[in-house]
Every structure is written in structure tokens, then in C-alpha cells.
Amino acid sequence: MKSINFDEGYKEYAINNDEQRVIRIRLSDMNLLKRVETAMKETKELVGKYKKAPSAEELVQFDSEVREVINKAFGSDICTPVLGSASVLTLATNGKLLLFEFFDAFLPVIKADIEAAMMTAKLKQPEIRPEVSKYLDPVTVAPVSKPIAGMTKPFGELPDVSGLTPEQKRQLMAQLIT
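Residues numbered from 1 in each chain as written. Predicted model: local features only at pLDDT ≥ 70, side-chain atom pairs only at ≥ 80, totals over all residues. Heavy atoms only, no water.

Brief notes about the pairing of strand S2 (residues 18-26)
Here six bridges tie strand S1 (residues 10-15) to S2, and the two strands are oriented antiparallel to one another. Paired with Ile15 across the two strands is Asp18, which belongs to S2. Connecting S1 to the antiparallel partner S2 that follows it, the hairpin turn spans two residues, and Asn16 within it adopts a positive phi of roughly 50°. (Pairing = 2+ DSSP bridges. Helix = DSSP H or I, 4+ residues; strand = E, 2+ residues; numbered from the N terminus.)

Here we look at the nonpolar core
Judged by nonpolar contacts, the single largest core of 28 residues is most densely connected at Ile23, Ile25, Ile70, Phe74, Phe102, Phe106 and Ile110. When residues in this core are grouped by element, the largest group, seven residues, is from helix H4 (residues 98-123). Beyond its immediate stretch of four places on either side in the chain, Ile110 contacts Tyr13, Ile25, Leu27, Leu32 and Phe74. (Core = buried A, V, L, I, M, F, W, Y, C linked by side-chain atoms within 4.5 Å. Buried < 20%, exposed > 50% of the residue type's maximum accessible area, 1.4 Å probe, protein only. Contact = heavy atoms within 4.5 Å.)

Quick word on the side chain of Asn71
If you trace the backbone, Asn71 turns up in helix H2 (residues 56-74). Dropping the residues within four chain positions of it, Asn71 is found in contact with Ser76, Asp77, Ile78 and Cys79.

Thoughts on the confidence of the model for the protein chain
Per-residue confidence for the protein chain gives a mean pLDDT of 82; residues scoring 70 or more make up 85%. By mean pLDDT, helix H5 (residues 130-136) is the weakest element of the protein chain at 74, and helix H3 (residues 79-83) is the strongest at 94. (pLDDT = per-residue confidence, 0-100.)

A word on the packing of aromatic side chains
Considering all chains together, one arrives at five aromatic pairs under this definition. Arranged with centres 6.2 Å apart and planes meeting at 20°, the rings of Phe74 and Phe103 form a pair that is stacked. In this pair, Phe74 sits in helix H2 while Phe103 sits in helix H4, placing the two residues 29 residues apart along the sequence. Taking the relative accessible area as the measure of exposure, Phe74 reaches 7% and is therefore buried. What makes Phe103 buried here is its relative accessible area of 14%. Ring geometry for Phe74 versus Phe106: centroids 5.9 Å apart, planes at 55°, classification tilted. Of this pair, Phe74 sits in helix H2 while Phe106 sits in helix H4, and the two are 32 residues apart along the sequence. Members of the aromatic cluster, connected to one another through ring pairs, are Tyr13, Phe74, Phe102, Phe103 and Phe106. (Phe/Tyr/Trp six-rings, centres within 6.5 Å; stacked < 30°, edge-to-face > 60°.)

Written as C-alpha cells, this is what we have:
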């Protein structure tokens, strides 16, 4: 069988310098941080679900559900390399949950790596052709005091697109043109 090889944007991290415990994260995934935020919300909801004195079976179920939420956010099994077979409720020697200890150490590292990857991507952006660049420059339009043909109300201010990245502006232009 032939193999198709290309850079998928993954970065590998060894857990506590143990080369046998590795997690792989796709830094170029623009939805990663949003999925992590969603996972944090879902985990808090699960904590609320099991707040009253849970039974042993409920603790096992809670562990399974939290692992599923976290692994889904990262698109791969990161709980097994991080925790092994230990519960997500395992305490570190300082009394904090082991999972929280991991995220306290991991989140600053991954944020820095994502920022570095984004800077590298910006440097590799193709140069914009002159005939296209005129459409990307900011345009100022005076507010319209009378309704535009077919509209019942005057058109207000145009939306501010100054905060969009060049790529987002290109996508917006493509949507307007087609």
C-alpha cells in the first residue's frame, strides 16, 4: 500500500520527560482552544452532576465521562499518557487534582506554541497581488440618510472589519464576490 506523507501540524510533548508517555497536539487547528473551553464547561457540568456523595460506580462513570470530554477536545487520547489508569480525581502530592496539575503546566506551554505557530504561518503567507490588495484596504463610507432602493430604513454604518486578519478579509471578499 502506498502512503501519503505530509505535515499535519502535530507537535509531540513528553509527559514529565518520559518518552513512553507522549501526547500529540495539532497546533494549527484553529478550533482547538474553543474545544478546550467547551471541555472545561462540560467538565464543570459533570462535577455538578455528581456533586452529592457518589457511589463507586458513579465515580467510575464520572472518570470515563471526563476522559471522553478531554480526549474529544484534543482529538486524541491524552488522558492515558497523562494519567495512566489513575482516576481523574487522583490527587497530586500538593493536594490538587493531578489533572489540574497537568493543565496548569500544559496550558501555558501550548498557548506559547500556538502563538509561535501562528507567527510562523503569518510569515509564510503568500504575497497579495496588487490588483487584489486594493480590495483589502479599509474603505470609509459616509452614512446614508435616505433609504436605499428596496430598503425601508436607511442603511446604518458598515460593520467594522478592521479587527479581521488578512485571511478573514480574503474569505469575506470571496463570499461577497460569489
